[in-house]
Amino acid sequence: MAYALVALGFVLALNASGAVNFAHGDLVVLGGAVAVFVGLATGLPAVLLLPLVALAIGVVGILAARIAILPLASRPPEATFVATIALAAIIEQSLTIAMAGAPRTAPPIAGSGSFEIAGLVLGRQPLAIVVLGAVLVAAVWFLLERTQTGRRMRAVAADRHMARAVGIPVGRYVILSLALAGALAGVAGFLLGHQFLVAPTQGAGHMLKAYIAVALGGWGSVPGALLGALGIGIFETFVAARFGDAWASAALYICVLAVLVLRPQGLFGEPVGRRA
Amino acid sequence: MSAVLEIGEVSVEAGEIVALLGGNGAGKTTLLETVLGFHSGRVMLFGRDASALTVEQRVQAGVGYVPEGRRVFAGLTVRENLEASSSLPARQRRQRVEEMLALFPMLGERPEARAWLLSGGQQQMLALARAMMDRPRLLLLDEPTLGLAPVVVVDLLRRLGAMTADGTAILLAEQRAALALSIARRGVVLSRGQVVRRGSAAELAADPMLADLMAGA
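What counts as what
- Residues numbered from 1 in each chain as written.
- Chains lettered and ligands numbered in written order.
- Predicted model: local features only at pLDDT ≥ 70, side-chain atom pairs only at ≥ 80, totals over all residues.
- Helix = DSSP H or I, 4+ residues; strand = E, 2+ residues; numbered from the N terminus.
- Buried ≥ 20, exposed ≤ 12 C-beta atoms within 10 Å, placed from the backbone.
- Contact = placed C-beta atoms within 7 Å.
- Rg over C-alpha atoms; globule rule 2.2 N^0.38 Å.
- Pairing = 2+ DSSP bridges.
- Axes fitted to C-alpha atoms, helices over the stretch in contact; angles between N-to-C directions.
- Left-handed = near helix turned anticlockwise from the far one by under 90°.
- Nonpolar A, V, L, I, M, F, W, Y, C, P; charged D, E, K, R; others polar.
- Core = buried A, V, L, I, M, F, W, Y, C linked by C-beta atoms within 7 Å.
- pLDDT = per-residue confidence, 0-100.

1. Some words on the overall build of chain B
Item 1. Along its length, chain B carries 10 helices and 10 strands.
Item 2. Here the C-alpha coordinates of chain B stretch approximately 50 × 40 × 30 Å along the principal axes.
Item 3. Among the 217 residues that make up chain B, the fraction classed as buried is 43%.
Item 4. Within chain B, contacts between residues at least 6 apart in sequence are counted, and of these 65% link residues at least 24 apart.

2. Some details on the overall build of chain A
Item 1. Assigned secondary structure in chain A consists of 11 helices and 2 strands.
Item 2. N-terminal to C-terminal, the α/β element order of chain A is α-α-α-α-β-β-α-α-α-α-α-α-α.
Item 3. Taken against the 2.2 N^0.38 rule, which gives 19 Å for 276 residues, the C-alpha radius of gyration of chain A at 19 Å falls within 12% of a compact globule.
Item 4. Principal-axis analysis of the C-alpha atoms gives chain A an extent of 55 × 45 × 35 Å.
Item 5. Taking as baseline every contact in chain A between residues at least 6 positions apart, the subset at least 24 positions apart corresponds to 75%.

3. Concerning the environment of Gly 61 of chain A
Residue and element names in this part refer to chain A.
Item 1. Mapped onto the elements, Gly 61 comes out in helix H3 (residues 46–69).
Item 2. With 30 C-beta atoms packed within 10 Å, Gly 61 lands in the buried category.
Item 3. Sequence spacing of Gly 61 and Arg 263 is 202 residues, and the spatial spacing of their C-alpha atoms is 32 Å.
Item 4. Gly 61 has contacts with Leu 27, Leu 178, Ala 179, Ala 181, Gly 182 and Ala 183, leaving out every residue within four places of it along the chain.

4. Observations regarding the sheet that holds strand E8 (residues 169–174) of chain B
All names here are of chain B.
Item 1. Read from one edge of the open sheet, 6 strands run E6-E7-E8-E3-E9-E10, paired in mixed fashion. Two strands lie at the open edges of the sheet, namely strand E6 (63–66) and strand E10 (194–200), each paired on one side alone. The sheet shows a mean angle of 15 degrees between the axes of neighbouring strands, direction not considered.
Item 2. Docked against the sheet, helix H1 (residues 28–36) engages strand E3 (17–21), E6, strand E7 (138–142), E8 and strand E9 (186–191), running at close to 150 degrees with respect to E7.

5. Regarding the interface of chain B and chain A
The parts lose accessible area when they come together, and the size of an interface is often stated as this lost area.
Item 1. Contacts between the two partners involve 24 residues from chain B, matched on the other side by 17 residues from chain A.
Item 2. Mapped onto the side of chain B that touches chain A, the elements with two or more residues apiece are helix H2 (55–61), helix H3 (78–84) and helix H6 (120–132) of chain B.
Item 3. Considering every element that reaches the side of chain B that touches chain A, the biggest residue donor is H2 of chain B, with 4 residues.

6. What to know about unusual backbone geometry
Trans is the prevailing form of peptide bonds, just as negative phi is the prevailing case for residues other than glycine.
Item 1. Backbone geometry at Leu 197 of chain A places phi at a positive 70 degrees, although glycine is not the residue there.
Item 2. Here Leu 197 of chain A is to be found in the loop between helix H8 (170–195) and helix H9 (203–217).
Item 3. Positioned with a positive phi, Arg 192 of chain B is a non-glycine residue whose angle comes to about 50 degrees.

7. Things to note about the packing of H9 of chain A against helix H11 (residues 245–262) of chain A
All names here are of chain A.
Item 1. Interhelical geometry of H9 versus H11 gives an angle of 35 degrees and a closest axis separation of 10 Å. The crossing of H9 and H11 is left-handed. Note on element contacts: H11 touches H9 through Val 256, Val 259 and Leu 260, opposite Ile 212, Ala 215 and Leu 216.
Item 2. For the contact of H9 with H11, a count of residues per class yields 6 nonpolar, no polar and no charged.

8. As for the nonpolar core
Item 1. Counting residues in each nonpolar core, the largest one holds 151 residues, and the members touching the most others are Val 6, Ala 7, Leu 8 and Val 187 of chain A together with Leu 172 of chain B.
Item 2. At 17 residues, the largest contribution of residues to this core is made by H8 of chain A.
Item 3. Not counting chain neighbours up to four residues away, the residues in contact with Ala 7 of chain A comprise Ala 210, Ala 213, Val 214, Ala 225, Leu 226, Gly 228 and Ala 229 of chain A.

9. Brief notes about the environment of His 24 of chain A
Residues and elements named next belong to chain A.
Item 1. Mapped onto the elements of the fold, His 24 is located in helix H2 (residues 24–42).
Item 2. A C-alpha to C-alpha distance of 8.5 Å links His 24 and Ala 13, two positions 11 residues apart in sequence.
Item 3. In this structure His 24 touches Gly 9, Phe 10, Ala 13, Ala 181, Ala 185, Met 207 and Ala 210, once residues within four positions along its chain are discounted.

10. Quick look at the sheet that holds strand E4 (residues 44–45) of chain B
Residue and element names in this part refer to chain B.
Item 1. A sheet is described by the order of its strands in space; here 4 strands give the open sequence E2-E1-E4-E5, paired in antiparallel fashion. The strands lining the two open edges of the sheet, one partner per strand, are strand E2 (10–13) and strand E5 (48–49).
Item 2. The pairing of strand E1 (residues 3–7) with E4 spans 2 bridges and is antiparallel. Paired with Leu 5 across the strands is Leu 45, a residue of E4.

11. Some points on the pairing of E2 of chain B
All names here are of chain B.
Item 1. Here E1 pairs with E2 via 4 bridges, running antiparallel. Residue pairing across strands places Ala 3 opposite Glu 13, the latter belonging to E2.
Item 2. From the end of E1 to the start of E2, which pair antiparallel, there are 2 residues, and Gly 8 there has a positive phi angle of about 55 degrees.

12. Some points on the pairing of strand E1 (residues 114–117) of chain A
Residues and elements named next belong to chain A.
Item 1. Bridge count between E1 and strand E2 (residues 120–123): 4 bridges; the pairing is antiparallel. Directly across from Phe 115, in E2, lies its bridge partner Leu 122.
Item 2. Where E1 hands over to E2, the hairpin turn is made up of 2 residues, of which Ala 118 adopts a positive phi near 50 degrees.

13. Quick look at the environment of Leu 126 of chain B
All names here are of chain B.
Item 1. Examined against the element boundaries, Leu 126 turns out to sit in helix H6.
Item 2. Sequence separation between Leu 126 and Asn 81 is 45 residues; the distance between their C-alpha atoms is 7.9 Å.
Item 3. For Leu 126, the residues in contact, after removing those within four places along its chain, are Val 72, Val 78, Asn 81, Leu 107, Ala 115 and Leu 118.

14. Considering the confidence of the model for chain B
Residue and element names in this part refer to chain B.
Item 1. Mean pLDDT over chain B works out to 91, with 99% of the residues at or above the 70 mark.
Item 2. When pLDDT is averaged over each element of chain B, H3 comes out on top at 97 and helix H10 (residues 210–214) at the bottom at 77.
Item 3. Here the predicted complex carries an ipTM of 0.90, next to a pTM of 0.86.

In structure tokens form, the structure reads like this:
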């Protein structure tokens, strides 16, 4: 579910800016790191720490939009690629210095330990991740599908030039989308930071997973990205349990290649000819 | 009559349709996009110099735009396309959507359909309804009849003619001169970005040189 949040933020940023934000994976790591450091410094419980992390990385998302995305909006997408790669490197190197290269553990959301329901043993933290992830996905769905802000965010994602032509303040919606993408990345980093530790070099891995989820689900499709991320998580878990981690990664990439060869627009993407 | 638009040698007054004629590359789209603010240039809107206004400010001032190729928001439904394109407060916006759905029955039949599922004619009506959401005083239309079935073209032209009754001004860019002049009061012929002929719709329709002028000869 945490990967779903990563992929959701990635696709929101992609749709809003029209270019891949290569710093998105590092925003996830930054979220974990902020949880570690602020948690240690303040001793705040996770329920208070979580919105703080979301807010902080949301602000970083706005800075990313202001520094590396909006100023380059009229340039070819490659300019944004390079700028966001530079931003990713800055975040990674800054974290390497701040963390002295040592992985840390983010505080748990719902405490450690497990409990049993009808003979099924459930870990508190994994369950909290699933519940929180589901709530956030539902909240983003509500925002996008049921509010004027969401409709306008989707209009901007569909056609920025036309969105401007009907009077939508496009820059404001790009910033809002990047802020939301950052907040989701921050929450995901917090959740993953307890399960898998926080290490400065993890950004590229998160980025790759999000990229695959979006490519599988359909480039630009929000539900596709969510299902792609959930599919990756389930696939890796089951294959790794049966054959080991190395086989799980290899099998994942083989499946990705197969899907992209057989259905280049992804599982839920619209065929280009059907687009208005 | 007062001019709602003046740009170079082209002007449009309240309640009239002006046909902007010319072949491919004549500069029709560039002129419309300059009025909207996508390109720099001196533009007078509603009696004021609008040259420094942003696109958003010009739309808020009362300019509506129907682009060539319709460019509806493909993944949004008909209703969402209309709502997203409006800056009205929520209650008025929803009421205006219902008015648009009633005014365009082919949209009213499928308000929850995704725009990319609509036919070309339905998409054109959606693009027009979208531009009308906030009651613009000036409508800019770029090749609205392109690729439409004749029966839809007739319906579209009838609607455009009716729109001027409340004072809405329309600048209609078209390659199909006879169609545009059939509903316009005046016309302007562009060639390579320059006005090469102007006159009443009747004068231009009777001009034996019109086809040559539009071809840039």
